[in-house]
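# Structure at a glance
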Amino acid sequence: MTLSKLFNEFFYSEKAGGLILIFATALSLILANTGSSVAYISLWQHNIAGHSITHWINDGLMAIFFLLIGLELEREIYHGELSSIKNAAFPAIGALGGMVLPALIFLLFNYGKPAQAGAGIPMATDIAFAVGILSLLGNRVPPSLKIFLMALAVIDDLGAIIVIAIFYTKTILWTNLLVSLGIWLSLLALNRLKIRNLIPYLAGGAAMWYFMLHSGVHATISGVLLAFAIPFGNGNEKSTSYILQHNLHKPVAFIILPLFALANTSIMLQGNISDSLTNANSAGIITGLLLGKPLGIFLFTLAGTLFGICSLPEELSWKQIVSVGFLGGIGFTMSIFITMLAFTDEALIDISKISILIASIIAALSGYILLSKSLR
């Protein structure tokens, strides 16, 4: 199986990005729990133009991350694994199972309780982390397994975007939202007029982000919408979409996601952590990511195969699907992002982040060990 140049570029930038994410997270936790902890934590709360640095990263820079995710979705739909129902069915059904079952498990622990809003937290998969772990296995990983994981994670991210738009939008200011959508429609019109210059799209995207930010709908959604307004053409190296995606890979992998990790894992570990991790919220997050993800991915793809909706790719085994399912349990970036939207209580946010980190580390180790054995 031949992998496209852009897919390889995306995969290997995510590979290095995943390893840098691990380093940034470890560094942040160390700095937050040493003698410089107060200064380090307050750094991210420093006010710039009415908002903290963390807020600018989460609502501003992460919109660029979502723009890249949107561009990858667009490419997958036109030319990739999602371009045909037959190819898309297997990872799509797996992604659905990997979202539904973790959310149900979380609600099993938290339905009717204050933390109920966190049901979206264990639904997410961190592409960079998951690909980073998979890449450690080197050339033993068959191309079809790389593609399955990437398609699974991309569809998973689409699901997370929909969840954020529907369930984590509280108050909508319709005037600002309509202005933002009006700008988007204008950009779609430019696309139809075959205007390929990136400048009007990026300028329009910035304006769309501003009005979306002040509409009540999370501003990062504008990144995804902008991606589908960018001209795709035939998808070759001269297309506008290709050029933008190519230029965004490294800034997102090496600057934006590490900054997100540093800002959002500056957690001071204090008190009895073990007691906090046994509450219903933490149990729901950890069980959802560690059990719900691999089980949901496996059961849904197995059922889809048995009912003839999809088929297991020839190079893959069910052991490998379960193993990749554990990598799907690495929720890090998107799970932390949803945590920030779901809760306002700082203590609940911090313990949720710690639960996500613990579950993601165990999921990464489990996936790596299982895949290492299944690929021998």
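Just above sits the structure.
Heads up: these notes are all about the structure in this document. Position numbers for residues start from 1 in each chain and track the written sequence from start to end. Reporting in this predicted model follows two pLDDT cut-offs: at least 70 for local features of residues, and 80 or more for side-chain atom pairs to be given and counted; totals over whole chains, interfaces and linings ignore these cut-offs and use all residues. As a rule here, side-chain values cover all heavy atoms of the structure and leave hydrogens and water aside.

This paragraph deals with the overall build of the protein. Counting its regular elements, the protein contains 15 helices and two strands. Computation of the radius of gyration draws on C-alpha atoms, with the globule rule given as 2.2 Å multiplied by the number of residues to the power 0.38. The globule rule puts the C-alpha radius of gyration for 376 residues at 21 Å, and the 20 Å found for the protein is close to it. Along the first, second and third principal axes, the C-alpha set of the protein runs to 60 × 55 × 40 Å. Expressed as a percentage of its 376 residues, the buried residues of the protein come to 55%. Counted over contacts in the protein with a minimum sequence separation of 6, partners at least 24 positions apart contribute 83%. Only the protein chains shown count as covering a residue, and every accessible area follows the Shrake-Rupley method with a 1.4 Å probe. Of the roughly 16000 Å² of accessible surface on the protein, 69% is carried by carbon and sulfur atoms. Here the protein contributes 18 positively and 17 negatively charged side chains, and the mean placements of these two sets differ by 7 Å. Helix and strand labels come from DSSP, where a helix needs a run of H or I of at least four residues and a strand needs a run of E of at least two; each type is numbered from the N terminus. Accessible area is worked out with a 1.4 Å probe on protein chains only. A residue is then buried under 20% of its type maximum, exposed over 50%, and partly exposed in between. Note on contacts: a residue pair is in contact if any heavy atoms of the two residues lie within 4.5 Å. The sign given to each residue is positive for Lys and Arg and negative for Asp and Glu; His and the chain ends receive no count. Where a charge lies is defined by one atom per residue type: Lys uses NZ, Arg uses CZ, Asp uses CG and Glu uses CD.

Here we come to the layout of surface pockets. Size it by volume and the largest pocket reaches roughly 710 Å³. A 1.4 Å probe that fits but cannot get out identifies a cavity on a 1 Å grid over protein atoms alone, an open set with protein on both sides within 12 Å along at least five of seven lines counts as a pocket, and a residue lines either if it has an atom within 4 Å of a point. Surrounding the largest pocket, 32 residues form its lining, Thr54, His55, Asn58, Met340 and Glu346 being those nearest its centre. Of all elements in the fold, only strand E2 (51-52), helix H3 (53-78), helix H8 (198-213), helix H10 (240-264), helix H14 (332-342) and helix H15 (346-374) reach the threshold of two or more residues within the lining of the largest pocket. Polarity classes work like this: nonpolar for Ala, Val, Leu, Ile, Met, Phe, Trp, Tyr, Cys and Pro, charged for Asp, Glu, Lys and Arg, and polar for all others, with Gly in that last group. When the residues that make up the lining of the largest pocket are grouped by side-chain class, the tally is 13 nonpolar, 14 polar and five charged. Grid points are joined across faces, edges and corners, and a volume is the space filled by probe spheres set on the points.

The next point concerns the packing of aromatic side chains. The rule is short: rings of Phe, Tyr and Trp, with Trp giving its six-membered ring, pair when the centres are within 6.5 Å, and they are stacked under 30 degrees, edge-to-face over 60, tilted in between. Summed over the entire model, instances satisfying the criterion amount to 10 aromatic pairs. Note on Phe65 and Phe66: the rings are 5.4 Å apart at their centroids and 80° apart in plane angle, and the pair reads as edge-to-face. The two residues Phe65 and Phe66 agree in class, both being buried. Plain terms: the ring middles of Phe298 and Trp318 are 5.8 Å apart, the flat faces sit at 85° to each other, and that makes the pair edge-to-face.

Here we come to unusual backbone geometry. One non-glycine residue, Ala49, lies in positive phi territory at about 55°. The backbone of Lys194 sits at a positive phi, close to 65°, despite the residue not being glycine. In this fold, Lys194 is placed in the loop between helix H7 (174-192) and H8. By relative accessible area, Lys194 is classed as exposed at 62%.

Turning to the side chain of Ser335, a few remarks are in order. Residue position: Ser335 is located in helix H14. Pairs of N or O atoms within 3.5 Å make up the polar contacts considered here, provided that, within protein, one atom can donate a hydrogen while the other can accept it, and that residues adjacent in sequence are counted only when both atoms are side-chain atoms. Among the polar contacts made by the side chain of Ser335, one reaches the main-chain carbonyl oxygen of Ile121 at a distance of 2.7 Å.

Taken as a whole and judged by the stated rule, the model has one cavity of 30 Å³ or more. Considering only enclosed or pocket space, the largest cavity measures out at about 30 Å³ in volume. In terms of lining residues, the largest cavity is bounded by Phe65, Thr125, Asp126, Ile127, Ala128, Leu257, Thr333 and Met334. Mapped onto the lining of the largest cavity, the elements with two or more residues apiece are helix H5 (127-135) and H14.

For helices, the fitted axis covers only the stretch in contact; all axes are lines through C-alpha atoms, and the angles between them, taken along N-to-C directions, range from 0 to 180 degrees. Between H3 and H10, the least distance of the axes is 9 Å, while the angle of their chain directions is 145°. Considering the relative orientation of H3 and H10, their crossing is left-handed. Here the residues of the contact of H3 with H10 are counted per class, giving 17 nonpolar, six polar and three charged. Each crossing gets its handedness from the near helix: less than a right angle anticlockwise from the far helix is left-handed, clockwise is right-handed.

Within the secondary structure, Ile164 sits in helix H6 (residues 143-167). A residue is classified by how much of its surface remains accessible, and Ile164, at 0% relative accessible area, is buried. Along the primary structure Ile164 and Gln320 are separated by 156 residues, whereas in three dimensions their C-alpha atoms are 30 Å apart.

Our focus in this paragraph is the pattern of salt bridges. Salt bridges are identified by distance alone: a Lys or Arg side-chain nitrogen within 4 Å of an Asp or Glu carboxyl oxygen. Within the structure shown, the criterion is met by one salt bridge. A salt bridge links Lys293 to Asp156, with the nearest nitrogen and oxygen atoms 2.4 Å apart. Placement of Lys293 in helix H12 (residues 280-306) and of Asp156 in helix H6 is noted, with a sequence separation of 137 residues between them. Accessibility assignment for this pair places Lys293 and Asp156 in one class, buried.

In this section: the environment of Asn58. Inspection of the secondary structure assignment puts Asn58 in helix H3. C-alpha separation for the pair Asn58 and Asn139, spaced 81 residues apart in sequence, amounts to 35 Å. Beyond its immediate chain neighbours, meaning those up to four positions away, Asn58 contacts His218, Thr220, Phe260, Asn264, Phe337 and Met340. Engagement of the side chain of Asn58 in a polar contact is seen with the side chain of Asn264, the distance being 3.0 Å.

Let's shift gears to H15. By this rule the span expected of a helix is its residue count minus one, scaled by 1.5 Å. Relative to the 42 Å expected for 29 residues at 1.5 Å per residue, H15 spans 41 Å between its end C-alpha atoms, a close match to the ideal helical length. N-cap assignment for H15: the residue whose side-chain oxygen lies 3.2 Å from the backbone N of Ala347 is Asp345.

So, on to the side chain of Thr339. With respect to the helices, strands and loops of the structure, Thr339 is situated in helix H14. The buried category is assigned to Thr339, whose relative accessible area is 0%. If near-sequence neighbours (up to four positions away) are discounted, Thr339 is found in contact with Ile121, Ile349, Ser352 and Ile356.

With that out of the way, let us pick up helix H2 (residues 37-44). Buried within H2 are the following residues: Ser37, Tyr40 and Trp44. Down the axis of H2, the buried side of the element spans an arc of 70°, and every buried residue falls inside it. Those residues of H2 that are exposed and aimed more than 90 degrees away from the buried face are Val38 and Ala39. Picture the helix axis, draw a direction to every C-beta atom, and the arc is the one those directions span.

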